[in-house]
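So the chains spell out like this:
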Amino acid sequence: EGGYSDDLSTYGVIAGIWSSMYSLGEVIGPSLGGFLLENYGFPVCSTVMAAMCAVTSVVVLLYFLSFHPKSEISSSAKSKEKITEASDSGISENCRTSASSSSSSLSAQYLAHVNENTP
């Protein structure tokens, strides 16, 4: 199907990008907001933010309407009903089976140790 592989390294890259952009927003946001507020005033800044939110919501709405036809959404909802409780974590089965046997044996050893020492 296209796109990136469905494994732990892809999840790590996505989590890293998300965290980086979130932190960058925490640094740039207050500085840029203060600069704009001093130079343009509150009414202009709040109007620009409202317009940006409106444009973003229209773009997201168009994306979901154009790339996910109703038949695909309904079949997706039906397939979600078939998912077992084992896959509630959000990690695909490919990712679970690609874990190395050494890490799973270490987990088993740790669990055995914890069970032995638990009253």
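Conventions and cut-offs
- Residues numbered from 1 in each chain as written.
- Predicted model: local features only at pLDDT ≥ 70, side-chain atom pairs only at ≥ 80, totals over all residues.
- Heavy atoms only, no water.
- Helix = DSSP H or I, 4+ residues; strand = E, 2+ residues; numbered from the N terminus.
- Buried < 20%, exposed > 50% of the residue type's maximum accessible area, 1.4 Å probe, protein only.
- Areas by Shrake-Rupley, 256 points an atom, 1.4 Å probe, with all protein chains shown as cover.
- Phe/Tyr/Trp six-rings, centres within 6.5 Å; stacked < 30°, edge-to-face > 60°.
- UniProt positions renumbered as here; feature names shortened; annotations may be inferred.
- Contact = heavy atoms within 4.5 Å.
- 1 Å grid on protein atoms, 1.4 Å probe; cavity = no way out; pocket = protein on both sides within 12 Å on 5 of 7 lines; lining within 4 Å.
- Points joined across faces, edges and corners; volume = space filled by probe spheres on them.
- Nonpolar A, V, L, I, M, F, W, Y, C, P; charged D, E, K, R; others polar.

**With respect to the overall build of the chain**
Secondary structure summary: the chain contains five helices and zero strands in total. Along the chain, from the amino end to the carboxyl end, the secondary structure elements read α-α-α-α-α. Buried residues in the chain amount to 3% of all 119 residues. When the accessible surface of the chain is totalled, it reaches about 10300 Å², and 67% of it is carbon and sulfur.

**A closer look at the packing of aromatic side chains**
Applying the stated criterion to the full structure yields one aromatic pair. Relative to Phe64, the ring of Tyr63 lies with its centre 5.2 Å away and its plane at 75 degrees, an arrangement referred to as edge-to-face.

**Considering the UniProt feature "transmembrane region" (unreviewed entry) in the chain**
The feature "transmembrane region" (unreviewed entry), as annotated in UniProt, sits at residues 40–65 in this numbering. Secondary structure content for residues 40–65 is 96% helix and 0% strand, and the end C-alpha separation is 36 Å.

**Examining the side chain of Thr10**
If you trace the backbone, Thr10 turns up in helix H1 (residues 8–40). For Thr10, a relative accessible area of 16% gives the class buried. Apart from residues no more than four positions distant in its own chain, Thr10 is found in contact with Tyr4 and Ser5.

**Some words on the layout of surface pockets**
Approximately 190 Å³ is the volume found for the largest pocket. Counting residues per element, the ones that place at least two in the lining of the largest pocket are H1 and helix H2 (42–67). Grouping the amino acids of the lining of the largest pocket by side-chain chemistry returns eight nonpolar, two polar and no charged.

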